[in-house]
Amino acid sequence: MLERLRLLTRATGNPIFFREELARVLADEPERLNRALNDPDCVDVLTWNVFASLDTHSDRDWLANQLAAMGLSGVRAPLRISIWSGHRTGPLLKPSSAYLAGIRRRSSTAGASADQLGAFAAAIEVPVRIESPEVLALVDTALARYPRGAAGRDRTLELIDAGLEHAHRLGKSLIVAAVTPAGSQAESQVAERIRQLAIPQALAQELGREPRTSVELRQISWQELLELWQSSQRYLRLDRAPVKAFGAHCSKVLAPQPSRRAG
């Protein structure tokens, strides 16, 4: 608690919205909170500021329509936005039984330890989870490079695999989307994976099963998402939020810089 208060009260380099709420959400991850407050290349700054503030939007129908137009087709009000769920906070996102069975088969001949197998079986975190009546959207976020999944697994496939199981339980269709900077390495990485996995036979082969519910793959740029956020400002709860400083922060971190390290 003392460490969390120290992080909140000292001068920080990043413009953060809803600081006390962020500290509560990351109460068990002080190092991550410190990066969000101080590391300009931390993708959590954009993820938190944009989606936490969009969740305060007073016109939920308008917000849902704008998200649908941006690629999250089928999303409609009422919608619920959750940030950094699936791992520490429920509902948990767990790898499918088919994926784990394949891992166990392959590892049995390689002599993998229980700890190594546990890394593959652990619940995974999704930066943004948007649930609406017919659609579950899992939205990943990145800056310079697209991250790997648990135990080095392909991140896009990881979200599809776990998301399909959860969407099936809810009786919803699934959208897996990634938000990346326009012109970045992450954008090209995601585009290539979407091209590959958009082929139903290829997706089924990589999953090791036929999907039990429909899945759509989408890519959104931070730049277009920020346009939506800017057009929504008067409908958001942004009292005392460092809006101007955040705009400058976004201009800096989203500028084309090939040497910028991963978010």
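Since we're looking at a predicted model, the values are computed, not measured. (Residues numbered from 1 in each chain as written. Predicted model: local features only at pLDDT ≥ 70, side-chain atom pairs only at ≥ 80, totals over all residues. Heavy atoms only, no water.)

Draft legend 1. Expanded view of the pattern of salt bridges. A full pass over the atoms with the stated rule returns 19 salt bridges. Across the salt bridge formed by Arg24 and Glu21, the nearest N and O atoms sit 3.8 Å from each other. You can see Arg24 and its partner Glu21 sitting in helix α2 (residues 19-25), 3 residues apart, about one turn around the helix. For Glu206, the salt bridge identified is with Arg193, shortest N-O distance 3.0 Å. You can see Glu206 sitting in helix α10 (residues 200-207) and its partner Arg193 sitting in helix α9 (residues 185-197), a full 13 residues away along the chain. The partly exposed category is assigned to Glu206, whose relative accessible area is 38%. (Salt bridge = Lys/Arg side-chain N within 4 Å of Asp/Glu carboxyl O. Helix = DSSP H or I, 4+ residues; strand = E, 2+ residues; numbered from the N terminus. Buried < 20%, exposed > 50% of the residue type's maximum accessible area, 1.4 Å probe, protein only.)

Draft legend 2. Molecular detail of the sheet that holds strand β4 (residues 173-180). Spatial strand order, β1-β2-β3-β4-β5: 5 strands in an open sheet with mixed pairing. With partners counted over all chains shown, the strands left at the sheet margins are β1 (80-85) and β5 (215-221), one partner each. Across this sheet, the average inter-strand angle for adjacent strands is 20 degrees, counted without regard to direction. Relative to strand β2 (residues 126-131), β1 is paired through 5 bridges, and the arrangement is antiparallel. Each bridged residue has a counterpart across the sheet, and for Ser82 the counterpart in β2 is Arg129. Helix α8 (residues 155-170) contacts β2, β3 (135-141), β4 and β5 of the sheet and is inclined by roughly 160 degrees relative to β3. (Pairing = 2+ DSSP bridges. Axes fitted to C-alpha atoms, helices over the stretch in contact; angles between N-to-C directions. Contact = heavy atoms within 4.5 Å.)

Draft legend 3. Looking closely at helix α5 (residues 60-69). Among all positions of α5, only Leu63, Ala64 and Leu67 are buried. Along the axis of α5, the buried positions cluster into a sector of 100 degrees, meaning they face one direction only. For α5, the exposed residues lying more than 90 degrees away from the buried face are Asp61 and Ala69. Those residues of α5 that are buried lie in contact with α4 (43-54), β2 and α11 (222-231). Following α5 by one or two positions, Gly71 adopts a phi angle in the positive range, close to 135 degrees. (Arc of directions from axis to C-beta.)

Draft legend 4. Broad picture of the nonpolar core. Counting residues in hydrophobic clusters, the biggest one holds 51 residues, and the most contacted among them are Ile130, Trp222 and Leu225. Of all the elements, α4 adds the most residues to this core, at 8 residues. Sequence-distant contacts of Leu225, defined by excluding residues within four places in its chain, comprise Val50, Phe51, Leu54, Met70, Val179 and Ile220. (Core = buried A, V, L, I, M, F, W, Y, C linked by side-chain atoms within 4.5 Å.)

Draft legend 5. Local environment of the packing of aromatic side chains. Taken as a whole, this structure holds 6 aromatic pairs when the rule is applied. Note on Phe17 and Phe18: the rings are 6.2 Å apart at their centroids and 75 degrees apart in plane angle, and the pair reads as edge-to-face. Assessed through its relative accessible area of 0%, Phe17 is described here as buried. Ring geometry for Trp48 and Trp84: centres 5.7 Å apart, planes at 15 degrees, overall stacked. Here the residue Trp48 occupies a position in helix α4, and Trp84 occupies one in strand β1, the gap between them amounting to 36 residues. A relative accessible area of 3% means that Trp48 is categorised as buried. With relative accessibility at 5%, the residue Trp84 sits in the buried group. One aromatic cluster in this structure is built from Phe17, Phe18, Trp229 and Phe246. Over the ring of Trp84 we find Arg32, and its NZ or CZ is 4.8 Å from the ring centre. The ring centre of Tyr99 lies 3.3 Å from the NZ or CZ of Arg153, which sits over that ring. (Phe/Tyr/Trp six-rings, centres within 6.5 Å; stacked < 30°, edge-to-face > 60°. Lys NZ or Arg CZ within 6 Å of the ring centre and 35° of its normal.)

Draft legend 6. Geometry of α9. When the terminal C-alpha atoms of α9 are compared, their 19 Å separation across 13 residues agrees well with the 18 Å that a helix rising 1.5 Å per residue should span. Ala186, Val190, Arg193, Ile194 and Leu197 are the residues of α9 that are buried. When α9 is viewed along its axis, its buried side chains cluster within an angular range of 100 degrees and face the same direction. Against the buried residues of α9 lie α8, β4, α10 and β5. (Expected span 1.5 Å × (residues − 1).)

Draft legend 7. Quick peek at unusual backbone geometry. Along the chain, Ala77 connects to Pro78 via a cis peptide bond; the corresponding omega equals 0 degrees. Turning to its location among the elements, Pro78 is positioned in the loop between α5 and β1. Across the junction of Gly90 and Pro91, the peptide omega takes the value -5 degrees, indicating a cis bond. Topologically, Pro91 is positioned in the loop between β1 and α6 (97-110). One non-glycine residue with positive phi stands out, namely Trp84, at about 55 degrees.

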